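Summary of the model geometry
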Amino acid sequence: MARVIAIDGPSGAGKSSVSRIVGEKLGFLHVDSGALYRIMTWQCLKRGVDVDDPAEVAREAAKIAIECRAVGGRIAYFVDGEEPGDRIRTPEISANSSKVAAVKEVRDIVTGLLRSMTAHGDIIVEGRDITTAVFPDTPCRFYLTASAEARSRRRQKENADKGIANETADAVKAALLARDTMDSKRKYAPLRKADGVVEIDSSDMTIDEVVAEIVKLCGNAWGTAS
Ligand code: DC
């Protein structure tokens, strides 16, 4: 049976970079679950859906076809035969994705897609409800966090590096905290630290240190050399 490493945590905690590298080291496919919520948001906005209306979002979400394929160490998503790329990384999508992700029907669709990905092999999945709702029974579950300052600093640098936004540190921090609040306060599968998960605070850790910790603990859990 395919093995699953589950990683949750707030925005900017370093989940994506860490998951990518751990996946490479252990030969697990990297699965970015947030990208699926971003695709749903992108498509809803593109199709003129009022994202403040959960019923309208739910109706449209059922019509969005996302194809998932294993490509170069990760699960890639295709909509109408194309990868969305940075079109789902804009501040507009970031700001609206918490609303779309709060809709139960959207969560059910994305959860189904995520669970079906074990058909491709061992996976490392990062998000907000992976340890609590999507794969709560996997032995390797982590809650990756960092201070709000460290997280907004990283997010601002990431955005600047990609050349997709040029916001002040304060604006980045405010947007990040607003999303944290929505993601943790929503009714369905809110972001929370589940019982029994390993918490890692990466505020003062390098990516390599976090990766080493996760690789070691997964090795212990599955009894494999790492
Ligand atoms: O990690 P991210 O910023 O790409 O996530 C985009 C949005 O999707 C964000 O509002 C949190 C939400 N999300 C979620 O609700 N559950 C997940 N498993 C992953 C992301």
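Below, the structure is looked at part by part.

**With respect to the state of the cysteines**
- With the rule as written, the count across this model stands at zero disulfides.
- Here Cys140 is not disulfide-linked; the sulfur of Cys218 is the nearest cysteine sulfur, at 3.5 Å.
- Here Cys218 falls in the buried class, since its relative accessible area comes to 1%.

**Quick notes on helix H9 (residues 207–222)**
- Its 16 residues place the ends of H9 23 Å apart at the C-alpha level, agreeing with the 22 Å of an ideal helix rising 1.5 Å per residue.
- Within H9, burial applies to Val210, Val211, Ile214, Val215, Cys218 and Gly219. Along the long axis of H9, the arc covered by the buried residues comes to 165 degrees, so they all point the same way.
- Buried residues in H9 make contact with strand S1 (4–8), helix H1 (15–26), strand S6 (140–145) and strand S7 (198–201).
- Remark: Gly223 follows H9 within two positions and exhibits a positive phi of approximately 65 degrees.

**Brief notes about the site of the ligand**
- Inspection of the region around the ligand gives 15 residues, with Arg38, Arg107, Asp129, Arg179 and Arg186 positioned closest.
- Ser98 places a polar side-chain atom, nitrogen or oxygen, 3.0 Å from an oxygen atom of the ligand.
- Asp183 places a side-chain nitrogen or oxygen 3.2 Å from an oxygen atom of the ligand.
- Protein contact buries 96% of the 450 Å² of open area that the ligand shows by itself.
- Listing elements by their share of the shell around the ligand, those giving two or more residues are helix H2 (33–46), helix H4 (91–101) and helix H8 (169–185).
- The biggest single contributor to the shell around the ligand is H2, with four residues.

**Examining the side chain of Asp122**
- Inspection of the secondary structure assignment puts Asp122 in the loop between helix H5 (104–116) and strand S5 (123–127).
- Among the polar contacts made by the side chain of Asp122, one reaches the main-chain amide nitrogen of Arg3 at a distance of 2.6 Å.
- Setting aside chain neighbours within four positions, we find Asp122 in contact with Ala2, Arg3, Gly27, Phe28 and Leu29.

**Here's the deal with the pattern of salt bridges**
- Under the criterion given, the structure shown has 18 salt bridges.
- Across the pair Lys157 and Asp161 runs a salt bridge, and its minimum N-O distance is 2.9 Å. One end of the pair, Lys157, and the other, Asp161, are both in helix H7 (residues 148–162), four residues apart, so they sit about a helical turn from each other. Each member of the pair, Lys157 together with Asp161, is exposed.
- The residue Lys216 makes a salt bridge to Glu213 at a minimum N-O spacing of 3.7 Å. Taken together, the positions of Lys216 and Glu213, both in helix H9 and three residues apart, correspond to about one turn of that helix.

Calculation criteria
- Residues numbered from 1 in each chain as written.
- Predicted model: local features only at pLDDT ≥ 70, side-chain atom pairs only at ≥ 80, totals over all residues.
- Heavy atoms only, no water.
- Disulfide = S-S within 2.5 Å.
- Buried < 20%, exposed > 50% of the residue type's maximum accessible area, 1.4 Å probe, protein only.
- Helix = DSSP H or I, 4+ residues; strand = E, 2+ residues; numbered from the N terminus.
- Expected span 1.5 Å × (residues − 1).
- Arc of directions from axis to C-beta.
- Contact = heavy atoms within 4.5 Å.
- Near = heavy atom within 4 Å.
- Polar contact = N/O pair within 3.5 Å; in protein donor to acceptor, adjacent residues only side chain to side chain.
- Areas by Shrake-Rupley, 256 points an atom, 1.4 Å probe, with all protein chains shown as cover.
- Salt bridge = Lys/Arg side-chain N within 4 Å of Asp/Glu carboxyl O.

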